[in-house]
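# Breakdown of the fold
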Amino acid sequence: MGAVMWRISLASVRHYWALFAGTFVALALGVALIGTSASALAATWAVPASPRAGNPSVTLEDGTGAAHTLSSGDLDLGGVQSVLAMAGVVSAFVTVFVITGTCAFGIALRRRDMGLLRMVGAGGPQVRRMVLGESLAVAMPAALAGCAVAVVAAPVAVEALNGTGLSPVDLRPGPLLRPLVFAAVCGLFMAVLGTLAASRRAARVRPTEALREADLDARTMTAGRGVTGVLTLVTGAVMLALAPGAGAEAATPLALFGTMSLAVAATLLGPAYLPPLLRLMALPLRWADPVAGRLAAESVRTSRRRTASLVGPVLAILAVVGAFTTVLSTTGAATEADDRARTVAQLVVEPSRGDSLSADDVRALRADPRVAAVSAPAELEVAVAGPDSVWKEQAAVADPATLARTHRISVVDGSLAPLRPGTVAVSREFADWYGYHAGSTVTYGVFGGRPVKARVAAVLEGGSAVPPLLLPDGARSAAAAPARAAVLLDVKSAGSARAVAADLTARVGADRVEVVPSARWFGEAATDQDRLNRLVLGVLTVPASLYALIAVAGTLVMSYSRRGAEIAGMRMLGVSAGQVRRMALWETLSTSALGVVIAAGVVAVGARAYRGALTVFGGEAPLEVEWGMLSALTAACVLAGVGVSLAATGRLLRQAGVTLVASRR
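Residue numbering note: each chain is counted from 1, following its sequence as written. Confidence filtering applies because this is a predicted model: local features only for residues at pLDDT of at least 70, side-chain atom pairs given and counted only at 80 or more, and all residues used for totals across whole chains, interfaces and linings. Hydrogen atoms and water are omitted, and side-chain values are computed over all heavy atoms in the structure.

## Comments concerning the overall build of the protein chain
- Helix and strand assignments come from DSSP, with helices taken as H or I runs of at least 4 residues and strands as E runs of at least 2, each series counted from the N terminus. Each helix and strand counted, the protein chain has 19 helices and 13 strands in total.
- To sort residues, take the accessible area from a 1.4 Å probe on protein chains only and compare it with the maximum for the residue type: under 20% means buried, over 50% means exposed, and anything in between is partly exposed. By residue count, 50% of the 665 residues in the protein chain fall in the buried class.
- The contact criterion used is simple: two residues touch if any of their non-hydrogen atoms lie within 4.5 Å. Looking at the protein chain alone, contacts between residues at least 24 apart form 82% of all its contacts between residues at least 6 apart.
- Summed over all atoms, the accessible surface of the protein chain reaches about 29600 Å², with 62% contributed by carbon and sulfur. Using a 1.4 Å probe, the Shrake-Rupley method yields the accessible areas, and only the shown protein chains count as cover for residues.

Structure representation (structure tokens):
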């Protein structure tokens, strides 16, 4: 009997090709997205971590006595790898979301067919095997098509990634076999996963369903759907409730995955609350367009499964893109606001040529009588030994007392004084993460030098102005020169910072330094950071957004593939073609608008929770929203939905016209 059900599955896929086309396209593109992300990530893994031999190294022992040797100059690909991993997570989430909804929607559209199979003697397990067979019959060629697309797209994606500047070195496409196998397996797994719940529902269809005229008006909220929706709702709510007190690092995954959980819950519970909301939204349409508006309102009210399936893709992609863009943008805005609030220095000095300031430049600045203090931390990378590991950490050679004059820095533990040899100061984040306090011993090593055991003299809180480790001046010989300096002017000169900046530039030498007011420097730095953030957001969201737009179109095609009898019945009852088109337009606009509103609410809740975890000196963290990107995505979803719905309605109207003429004969 298994072979018989397999043949029935193949025949069903051939007969309902329009219904399965959406699933095929969604799955093929999902596999292509995952394969492209995996191949780009594999290209970063293929880059040697230490491209240059003979780099300075240092050997440290961890708390267990194991020796670890680390070298300087290793390429840091963690940033681009994190971006690609997040892009893969977004793509996988949207793919699972769309595939699951598409499979469930396809089963709901064929309840009468399932009832007919049950009526002629097919048992529940047989129907379930048939549905799984349909899934595999679509998934296998879709996975192959997605891999073919990934083969073409992967080299293009790697080259485009090189153009963004996110990677410190140019990446080269590597072997594609493993990424493609991984993507294909993921695609088949997602197809089966998306079909399992739907197949169980199909196996429970009663033979009497064959006598129903309405396809989508019964048992839209099953027990499994309701329980899963409530669980994801509770999970998302708990994550977002924990986010404000979790700290910035821990709050990021809590806010992102909490928002995603709420989006899933909103979609799963959609059949229960969407139709009443849509009826309220449709009230103005009843007055403005009585016939088409009433038809649209009744359609979205009675066809609850279809309504939820049309709202779902819009809700999912806007919630995911909105969450990621808002979290990243708000993080950058909060960091900038904290830096501005903590900076007391009126001027910032950067080298005109090269990457660092010379010692003569710093001495010339300090020698000027109008300058009250100059802090010029010399940044360097060090190795730090912990209880069971050794890792690289950012440090700087600086005087904490001078740094506290140019920036607002508070002492959490210990005392603020010049560092003596054998002492260090640490940031509050470093101390909280690794469990250090004033009086603790830190073992670190400058590359090319020997291990140093130092006592923690102070734990400081100063935002980005305080690196994880502040080292005494004795380590300066191994450190790079300072990349910039902050200049605090005396009281008399503070009011004319712009003029003093121009004069200092001329005195030290315009060919050596560039002195600018702090406000101008922060503005230019913010512009550069915004450009980088947009590149990251583009890598994260553009592929998944294009995929979601195609999923919106595919869901609409599936929906209209089974509405021929409905449209023909309207035409026979005297509804004009224009009224049918307007009905389709109002349905699409109302479902899209509701998806946008719910997504906005979900993102707002997640953003508020995440914002509570960020701290800005002397104020509240700003909330930054990428209105341009989200508005463009919203418009694209609406335009895609309207275009597909009107085109499908036009095709059905032509078919209904033929039926109407034939009936009159």
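## Some points on a nonpolar patch on the surface
- A grouping of Val230, Val234, Val238 and Leu242 is seen on the molecular surface, where their side chains present a nonpolar patch of about 340 Å² in accessible area.
- Mapped onto the elements, Val230 comes out in helix H7 (residues 223-242). Put simply, a patch holds well-exposed residues, over 30% relative accessible area, that have no salt bridge, with like charges counted together within 9 Å and Val, Leu, Ile, Met, Phe, Trp or Tyr side chains within 5 Å. Salt bridges, as used here, are contacts in which a Lys or Arg side-chain nitrogen is within 4 Å of a carboxyl oxygen on Asp or Glu.

## Some details on the pairing of strand E8 (residues 423-427)
- Across the five residues that make up E8, a large majority, five, are buried.
- Alternating residues of E8 divide into Thr423, Ala425 and Ser427 and Val424 and Val426, and every residue in both groups is buried.
- DSSP calls a pair of strands paired once it identifies at least 2 bridges connecting them. Alignment of E8 against strand E10 (residues 451-461), held across five bridges, turns out to be parallel. Directly across from Val426, in E10, lies its bridge partner Val459.
- With two bridges connecting them, E8 and strand E11 (residues 469-471) associate as antiparallel partners.

## Some remarks on helix H8 (residues 248-268)
- Taking 1.5 Å per residue as the helical rise, H8 with its 21 residues ought to reach 30 Å, and the 30 Å between its terminal C-alpha atoms agrees with that figure.
- Summarising burial for H8: 15 of the 21 residues are buried, a large majority. In this analysis, the expected span of each helix is defined as 1.5 Å times one less than the number of residues it contains.

## Here's the deal with the packing of helix H17 (residues 564-572) against helix H18 (residues 577-613)
- Where helices are involved, their axes are fitted lines through C-alpha atoms of the stretch in contact, as for all axes, and angles between N-to-C directions lie from 0 to 180°. Between H17 and H18, the shortest axis-to-axis distance is 10 Å and the interhelical angle comes to 140°. Overall, the two elements H17 and H18 adopt an arrangement that is oblique. The handedness of the crossing between H17 and H18 comes out as right-handed. For the pair H17 and H18, the contacting residues are Ile567, Met570 and Arg571 in the first and Ala577, Val580 and Met583 in the second. Roughly parallel means an angle under 35 degrees; roughly antiparallel, over 145; roughly perpendicular, 65 to 115; everything else is oblique. Helix crossings are classified by the rotation of the near helix relative to the far one: an anticlockwise turn of less than a right angle makes the crossing left-handed, while a clockwise turn makes it right-handed.

## Quick notes on the side chain of Asp62
- Tracing the backbone through its elements, the reader meets Asp62 in the loop between strand E1 (57-61) and strand E2 (67-71).
- Counted charges follow a simple rule, with Lys and Arg positive, Asp and Glu negative, and His plus the chain ends left uncounted. Buried charged residue Asp62 carries no salt bridge. Nearest counter-charge: Lys453, at 11 Å.
- Only 2.8 Å separates the side chain of Asp62 from the side chain of His68, close enough to count as a polar contact.
- Leaving out residues up to four positions away in the same chain, Asp62 has contacts with His68, Ala385, Gly386, Pro387, Asp388, Ser389 and Val390. Counting of polar contacts relies on pairs of N or O atoms within 3.5 Å, with two restrictions inside protein: one atom must be capable of donating a hydrogen and the other of accepting it, and residues adjacent in sequence are counted only when both atoms are side-chain atoms.

## Re the pattern of salt bridges
- Tallied over the entire structure, the rule returns twelve salt bridges.
- The shortest N-O distance in the salt bridge between Asp338 and Arg342 comes to 3.2 Å. Of this pair, Asp338 and Arg342 both sit in helix H11 (residues 304-342), four residues apart, which is roughly one turn of the helix. As far as burial versus exposure is concerned, Asp338 and Arg342 are alike and both buried.
- Measuring nitrogen to oxygen at the nearest pair gives 3.3 Å for the salt bridge that ties Asp368 to Arg507. Here Arg507 lies in helix H15 (residues 497-508) and Asp368 lies in the loop between helix H12 (359-367) and strand E4 (371-375), a separation of 139 residues in the sequence.
- The class for Asp368 is buried, based on a relative accessible area of 6%.
- If you follow the salt bridges from partner to partner, you end up with Asp368, Arg370, Asp503 and Arg507 in one network.

Read these as spatial facts, not as claims about activity.
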